[in-house]
Amino acid sequence: MAQVTIYSTTVCPYCVRAKQLLERKGVEYKEINLSKEAPEVRIELMQRTNHRTVPQIFIDDQFIGGFDQLYALEREGKLDQLLA
């Protein structure tokens, strides 16, 4: 199964929804809570993705985007292929 990493914050409702979607699918993921990390971690992530919002989701080091993009992949039937 693919490795999934979610960069989140403590008070982000879209982060919660992304994690719930993955949990419903039985997918294990690594969560990096930016609220608890050093500021440099957030800066490095923003430089890597050119995005400032969370969640930021990676599947096997491929940047997927946020919750909207994750949900779109699920709706289009493409998420299971990426997770296989």
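The model shown is predicted, which means the values in this text are computed figures rather than measured ones.

Right, let's talk about the overall build of the protein chain for a bit. A tally of regular secondary structure across the protein chain gives four helices and four strands. When the elements of the protein chain are put in sequence order from the N terminus, they spell out β-α-β-α-β-β-α-α. Scaling as 2.2 N^0.38, a compact globule of 84 residues should have a C-alpha radius of gyration of about 12 Å, and the protein chain matches this with 12 Å. Considered along the principal axes of its C-alpha atoms, the protein chain spans approximately 35 × 20 × 20 Å. Counting only residues that meet the buried cut, the protein chain has 40% of its 84 residues in that class. Expressed as a percentage of contacts within the protein chain between residues at least 6 apart in sequence, the contacts between residues at least 24 apart total 59%. Just so you have it, the protein chain exposes about 5400 Å², and 46% of that area is on carbon and sulfur atoms. Taking the average place of the 11 positive charges on the side chains of the protein chain and the average place of its 12 negative ones, the gap between the two points comes to 5 Å.

Next up on the list: the pairing of strand β1 (residues 4-8). Counting buried positions along β1 gives five out of five residues, so the element sits mostly inside the fold. Alternating residues of β1 divide into Val-4, Ile-6 and Ser-8 and Thr-5 and Tyr-7, and every residue in both groups is buried. Two elements, β1 and strand β3 (residues 56-59), share four bridges in a ladder whose sense is antiparallel. Within β3, the position partnered with Val-4 by the bridge is Ile-59.

In this section: the UniProt feature "domain: GST N-terminal" (unreviewed entry) in the protein chain. In the UniProt entry, the feature "domain: GST N-terminal" (unreviewed entry) is given for residues 2-84. Taken as a whole, residues 2-84 contains 45% helix and 20% strand, while its terminal C-alpha atoms sit 6 Å from one another.

Looking now at unusual backbone geometry. Along the chain, Val-54 connects to Pro-55 via a cis peptide bond; the corresponding omega equals 5 degrees. One can find Pro-55 in the loop between α2 (39-49) and β3. In this structure, Asn-50 takes a positive phi of about 60 degrees despite not being glycine. With relative accessibility at 70%, the residue Asn-50 sits in the exposed group.

It is worth spelling out helix α1 (residues 13-24) at this point. Each full turn of the α-helix corresponds to 3.6 residues, which orients residues three or four apart in the same direction. For α1, which comprises twelve residues, the first-to-last C-alpha distance of 17 Å matches the rise-based estimate of 16 Å (1.5 Å per residue) to within 8%. By the burial criterion, the buried members of α1 are Cys-15, Ala-18, Lys-19, Leu-21 and Leu-22. Along α1, the residues classed as buried sweep out an arc of 155 degrees about the axis, all on the same side. Exposed residues lying more than 90 degrees from the buried face of α1 are Pro-13 and Arg-24. Next to the buried residues of α1 lie β1, β2 (30-33), β3, α3 (67-75) and α4 (79-83). Directly after α1, the chain includes Gly-26, whose backbone phi takes a positive value near 75 degrees.

Calculation rules
- Residues numbered from 1 in each chain as written.
- Predicted model: local features only at pLDDT ≥ 70, side-chain atom pairs only at ≥ 80, totals over all residues.
- Heavy atoms only, no water.
- Helix = DSSP H or I, 4+ residues; strand = E, 2+ residues; numbered from the N terminus.
- Rg over C-alpha atoms; globule rule 2.2 N^0.38 Å.
- Buried < 20%, exposed > 50% of the residue type's maximum accessible area, 1.4 Å probe, protein only.
- Contact = heavy atoms within 4.5 Å.
- Areas by Shrake-Rupley, 256 points an atom, 1.4 Å probe, with all protein chains shown as cover.
- Lys, Arg positive; Asp, Glu negative; His and termini not counted.
- Charge placed at Lys NZ, Arg CZ, Asp CG, Glu CD.
- Pairing = 2+ DSSP bridges.
- UniProt positions renumbered as here; feature names shortened; annotations may be inferred.
- Expected span 1.5 Å × (residues − 1).
- Arc of directions from axis to C-beta.

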